[in-house]
Amino acid sequence: MSTTSTDEATRIDRAATVPAEQAGMRLDKAAATLLPEFSRTQLTAWIKSGALTVDGAPRAASTRLHGGERLALVAALPRAARWESPQSVAFGIVYEDDDLIVVDKPAGLVVHPGAGNPERTLLNGLLRHRPSLAALPRAGIVHRLDKDTAGLLVVAASAAAQRRLARDIARHRVVRRYVAVVEGVLTGGRDIDRPIGRDPHNRLKQRIAEGGRVARTRVRVQERFRAATAIVAELETGRTHQIRVHLASIGHPLVGDRRYGARGRLPPRPTERLIAVVRAFRRQALHATALELEHPTTSEPLAFASALPDDLTELLSALREDRDSA
């Protein structure tokens, strides 16, 4: 299994065996699980072209697998598809070595280029910081944070590390813990297990959808206020907008998350400071505060933490002041 770079394209050579627990799964879904460093759209295109085969033969994306099949991917990832444009972008680095980089991403920074965000993304900044990442799919990025979510994100710095990290994330061996503030008072923690799929009426949103991708979030109450709750959320899976969709689905959207139903809820007779802070909070109140994983080369346990950004600290302070003065 390898990745090599040429002037025109990156050559991809991957193989994976379908585990028994994926028996009955569609080929495209299994490929997305076993080769998570590539987008599902890209994998589907490779299945259609025959670049991704099952036991040496092309198959339809809808093919149901039995377990034990060998998936093989031999393809070229065009330079244009890798957005290879090093640019100066501001972000924090909490750890790095030859195999990985742990980034502390600020709110407002898009992770990789896409529609509406063609440049000045974290990916572009990573290529400027370490040019050798250009040889890796997605410059080594193995998971993402939403544009307006701040906090920790791990990036592979070698092909072997990318395969190991992608596999560990798929097997739920990487702990990703978030602090969030939601509207309303949660009476207790809960585990949310609801499938998520794209909203057919709004391509920018996700929703709870039967037949969607499995999504599980563990939610625990950290602190209660008069009309809001600070929580800790831990991802078992990593779907797009997962925490935001799951909390909105139980009637507790994240403060500031107007896309998923936040209304700027306030308690009766709130303090003037709380009114001002809530009205000024224009993003989802979500921060990736902790990351725990095994080093992809040495298997050494690693743990990283990120302090809350100023806007979230200010929100929590205003909520406490309002609660204590009531």
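Burial analysis of strand S7 (residues 150-156) places seven of its seven residues in the buried class, the great majority of the element. Bridging between strand S6 (residues 100-105) and S7 involves six bridges; their strand directions are antiparallel. Within S7, the residue paired with Asp104 across the bridge is Leu152. Strand direction decides the pairing type here: S7 and strand S14 (residues 286-294), joined by two bridges, are parallel. Bridge pairing links Ala150 to His287 in S14.

Any aromatic ring pair is given by two values, namely how distant the centres are and how the planes are angled relative to each other. Under the defined criterion, the tally for this structure stands at one aromatic pair. Between Tyr95 and Phe304 the ring centres are 5.5 Å apart and the planes differ by 45°, which places this aromatic pair in the tilted class. Here Tyr95, found in strand S5 (residues 92-96), pairs with Phe304, found in strand S15 (residues 301-305); they are 209 residues apart in sequence, far enough to count as distant. Look at Tyr95 and you get partly exposed, because its relative accessible area is 27%. Classification of Phe304 as buried rests on a relative accessible area of 13%.

In this structure, Leu122, Leu126, Leu133, Ile231, Ile243 and Leu247 are the most contacted members of the largest nonpolar core, which totals 35 residues. Mapped by element, the contributors of at least two residues to this core are S6, helix H3 (122-129), S7, strand S8 (175-183), strand S13 (228-235), helix H5 (242-249) and S14. When residues in this core are grouped by element, the largest group, four residues, is from H3. Residues within four places of Ile231 in sequence aside, it is in contact with Tyr178, Val179, Ala180, Val182, Leu186, Val219, Arg220, Gln222 and Leu247. Of all hydrophobic cores here, the second largest spans 19 residues; its members include Ala31, Leu43, Ile47 and Ala51.

Within the secondary structure, Phe225 sits in the loop between strand S12 (216-224) and S13. Of the residues examined, Phe225 reaches a relative accessible area of 5% and is grouped as buried. When sequence neighbours within four positions are dropped, the list of residues in contact with Phe225 reads Val185, Ala230, Leu316, Leu319, Arg320 and Arg323.

Rules used in this analysis
Residues numbered from 1 in each chain as written. Predicted model: local features only at pLDDT ≥ 70, side-chain atom pairs only at ≥ 80, totals over all residues. Heavy atoms only, no water. Buried < 20%, exposed > 50% of the residue type's maximum accessible area, 1.4 Å probe, protein only. Helix = DSSP H or I, 4+ residues; strand = E, 2+ residues; numbered from the N terminus. Pairing = 2+ DSSP bridges. Phe/Tyr/Trp six-rings, centres within 6.5 Å; stacked < 30°, edge-to-face > 60°. Core = buried A, V, L, I, M, F, W, Y, C linked by side-chain atoms within 4.5 Å. Contact = heavy atoms within 4.5 Å.

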